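Letter by letter, the chains look like this.
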Amino acid sequence: MNTTVSELTAEEPQPAAKLIKPLTGAEALMQALVEEGVETIFGYPGGAIMPVYDALYDYQDRLNHILVRHEQGAAHAAEGYARITGRAGVCLVTSGPGATNLVTGIADAQIDSTPMVCLIGQVGMKLLGTDAFQETDVIGVTMPITKWNYQITSADEIPEIVAKAFYLAQSGRPGPVVIDITKNAQQELMKKPFSYKKCEKVPSYRPRLVPKQEQLEKAAELINKAKKPYMLVGHGVLISKAEQELIAFVEKTGIPVATTLLGQSAISVDHPLYTGWLGMHGNYGPNVMTDQCDLLIGVGMRFDDRVTGNPELFARQAKVVHLEIDPAEIDKIIKADAPVIGDAKEILTRLLPLVNENDHTAWRNEFRQYDDIEDEKVTLPAIAPTTEKIKMAEAIDLLSKKTRGEAVMVADVGQHQMMTSAYYEFKKPHSLVTSGGLGTMGFALPAAFGAKVGDPSREVIAIIGDGCFQMTIQELGTIAQNKLPVKIIILNNNFLGMVRQWQQLFHNRRYSFVELQNPDFITIAKGFGIAGHTCAQREDLSASLDTLLASDKPYLLEIIVEKEENIFPMIPAGTSVASIRLE
């Protein structure tokens with residue numbers, strides 16, 4: 001007897017429908033992070049975020065969580081990670097003090113355009129506004145210092161909001177995003193199946209990446225006409241990974257280049273068109289020549305006060321071309337004759353065919369006379385001193401030579417930061433990680449281990465002053481527990497050095513509360529399980545740096561430096577950049 005297909009099918013047993021277990025909000029958050037491609041989280045648990053940490057227990061094979069010792073450390077570590085990788089750093093903390101301890105790092109990331117996603121626990125929705133235990137209005141607190149923030153009160157919101165957060169943090173001009181998640185949203189089951197789709201656009205948010213043709217043509221016209229053009233390169237070039245486009249542009253046009261503090265390493269110090277770095281403690285020639293060019297081209301920089309000095313006196317003789325992704329920065333401080341809005345990589349790529357080949361060698365050589373003066377009066381005495389005590393400059397100079405200018409230097413804030421910028425010869429991109437706009441003491445130690453996590457293949461060296469070190473000294477525990485081979489150098493002068501310098505120069509040496517009675521840093525490091533030693537004599541400096549660099553584990557080198565060493569050049573506050581002082 002023949003059997004029909006339909007009969008045969010009807011007789012076959014049907015597979016049971018696969019039951020999909022609904023996820024809790026906490027589980028949904030973990031799954032969303034995995035699907036977003038997150039690899040590392042810097043965090044610290046607590047009551048209001050505990051359901052998420054419970055879910056994280058089952059995701060340890062997919063998400064690397066690094067337990068910091070203070071939430072500020074989580075924020076700075078996430079910044080260091082982001083600055084090296086270009087991807088958003090992720091923080092995970094609890095409500096109240098956990099959230100408020102992140103605030104300094106969030107503000108730091110905002111002003112330095114660093115992508116960061118902060119996931120923060122919050123009290124249950126029914127307790128909002130009651131001053132419940134560890135409740136803080138995180139949305140209100142962080143609104144002025146974030147690119148976007150949002151409070152999640154339902155588990156079903158989590159996938160969409162997480163996707164949106166990463167898109168906003170990493171697109172356009174990057175910045176920090178805060179997601180405040182109520183405890184009920186973490187604990188409850190989703191009412192719909194989990195689904196995650198990466199965000200690619202947000203209504204009303206349309207960062208312009210591709211510049212307008214008419215803006216490019218106007219900028220090119222000014223560039224082609226200029227006799228003494230000068231390019232100022234900022235952090236935006238590194239953010240957009242436009243280093244090669246920058247080199248192609250300047251080599252075709254022959255335009256000399258200076259960088260801002262955060263723009264350092266966008267172009268190698270060896271490049272013949274590189275003139276140095278700008279700013280209050282930048283190089284002599286790059287600052288003075290700002291007032292002698294006929295065209296100033298700012299790319300990926302915002303003309304902040306540390307670059308311009310008194311903006312009313314800044315480059316008044318020059319036309320200004322401003323290449324910038326954030327329209328809010330155009331004309332904010334320095335009026336642009338030819339603004340071009342877009343991503344730095346896109347702008348330089350599209351501008352290249354419009355500009356003429358040129359040779360500005362004679363103009364570039366005008367910078368060199370100032371280089372010679374600075375070398376004679378500042379650089380050579382600093383790196384080959386006759387003083388009894390070691391100078392910060394000679395330590396950085398020797399470190400630069402030993403690492404061939406290829407290490408990642410994570411500098412804290414103060415004299416040692418300026419010395420690192422002045423005397424380390426950056427050869428590779430993304431080699432300086434530091435706090436620029438906010439100037440956050442305590443940044444370097446956690447940022448250094450964040451950078452090392454982001455790129456384990458590179459040598460990461462934290463340069464820290466004795467005052468800054470004590471701001472986040474507890475993060476030695478994080479470094480030790482994770483066995484991160486971060487190299488740490490303390491330049492110890494027993495002073496809050498930069499404040500002391502200003503008190504010396506502008507307040508008649510009235511040293512008001514700047515002298516430090518420091519602990520034994522080496523003993524403290526050993527207490528955490530980190531080896532180290534102190535170098536106090538010049539004849540021991542080279543061998544001490546060799547010991548540091550040879551270690552395959554974290555290592556702390558304390559260098560006792562001259563107590564009242566000053567950093568020059570220096571532009572007095574409120575003056576023209578041409579008023580820069582060499583002594």
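Residues numbered from 1 in each chain as written. Predicted model: local features only at pLDDT ≥ 70, side-chain atom pairs only at ≥ 80, totals over all residues. Heavy atoms only, no water.

By the naming in an unreviewed UniProt entry, the chain is Acetolactate synthase, taken from Larkinella terrae. Regarding the chain, the relevant UniProt record gives this comment under Catalytic activity (unreviewed entry): "2 pyruvate + H(+) = (2S)-2-acetolactate + CO2". UniProt's Sequence similarities (unreviewed entry) comment on the chain is quoted here verbatim: "Belongs to the TPP enzyme family." (UniProt positions renumbered as here; feature names shortened; annotations may be inferred.)

(A) Region of the structure containing the overall build of the chain. Of the regular secondary structure elements, the chain holds 24 helices and 18 strands. Relative to a compact globule of 583 residues, whose C-alpha radius of gyration would be 25 Å, the chain shows 26 Å and is just as compact. Expressed as lengths along the three principal axes of its C-alpha atoms, the size of the chain is roughly 105 × 60 × 55 Å. Within the chain, the proportion of its 583 residues that are buried is 58%. Restricting to contacts in the chain with at least 6 residues of sequence separation, those with at least 24 account for 77%. When the accessible surface of the chain is summed, it comes to about 24,300 Å², and 52% of that surface belongs to carbon and sulfur atoms. With 55 positive and 71 negative side-chain charges, the chain shows a separation of 2 Å between the mean positions of the two kinds. (Helix = DSSP H or I, 4+ residues; strand = E, 2+ residues; numbered from the N terminus. Rg over C-alpha atoms; globule rule 2.2 N^0.38 Å. Buried < 20%, exposed > 50% of the residue type's maximum accessible area, 1.4 Å probe, protein only. Contact = heavy atoms within 4.5 Å. Areas by Shrake-Rupley, 256 points an atom, 1.4 Å probe, with all protein chains shown as cover. Lys, Arg positive; Asp, Glu negative; His and termini not counted. Charge placed at Lys NZ, Arg CZ, Asp CG, Glu CD.)

(B) Inspection of the sheet that holds strand 9 (residues 274–277) at higher detail. In spatial order, the strands read 9-8-7-10-11-12; together these six strands make up an open sheet with parallel pairing. Because the sheet does not close on itself, it has two edges, and the strands there are strand 9 and strand 12 (338–341). Going across the sheet, the axis of each strand differs from the next one's by a mean of 15 degrees, ignoring polarity. Summarising the sheet, strand 7 (residues 229–233) and strand 10 (residues 295–299) pair through five bridges and their orientation is parallel. In the strand pairing of strand 10, valine 233 is matched with valine 299. Where helix 16 (residues 361–383) meets the sheet, it contacts strand 7 and strand 9, and its direction lies at approximately 45 degrees from that of strand 9. (Pairing = 2+ DSSP bridges. Axes fitted to C-alpha atoms, helices over the stretch in contact; angles between N-to-C directions.)

(C) Local environment of the UniProt feature "domain: Thiamine pyrophosphate enzyme central" (unreviewed entry) in the chain. As recorded in UniProt, the feature "domain: Thiamine pyrophosphate enzyme central" (unreviewed entry) lies at residues 216–351. Between the end C-alpha atoms of residues 216–351 the distance is 6 Å, and the span holds 32% helix and 20% strand.

(D) Inspection of the environment of lysine 197 at higher detail. Along the polypeptide, lysine 197 turns up in the loop between helix 9 (183–187) and helix 10 (213–225). Of the residues examined, lysine 197 reaches a relative accessible area of 70% and is grouped as exposed. Separated by 162 residues in sequence, lysine 197 and glutamate 35 have C-alpha atoms that sit 8.4 Å apart.

(E) Focus on the UniProt feature "domain: Thiamine pyrophosphate enzyme N-terminal TPP-binding" (unreviewed entry) in the chain. Here the UniProt feature "domain: Thiamine pyrophosphate enzyme N-terminal TPP-binding" (unreviewed entry) sits at residues 24–138. The annotated region residues 24–138 carries 42% helix and 17% strand content, and the separation between its end C-alpha atoms amounts to 23 Å.

(F) Molecular detail of the nonpolar core. Counting 93 residues, the largest nonpolar core has Tyr230, Met231 and Ile489 as the members making the most contacts within it. Counting only domains with at least three residues in this core, you end up with domain 2 (213–366) and domain 3 (386–561). Formed by 51 residues, the second largest nonpolar core is a distinct cluster that contains Val68, Ala77, Leu102 and Ala480. (Core = buried A, V, L, I, M, F, W, Y, C linked by side-chain atoms within 4.5 Å. Domains from an automatic or database assignment.)

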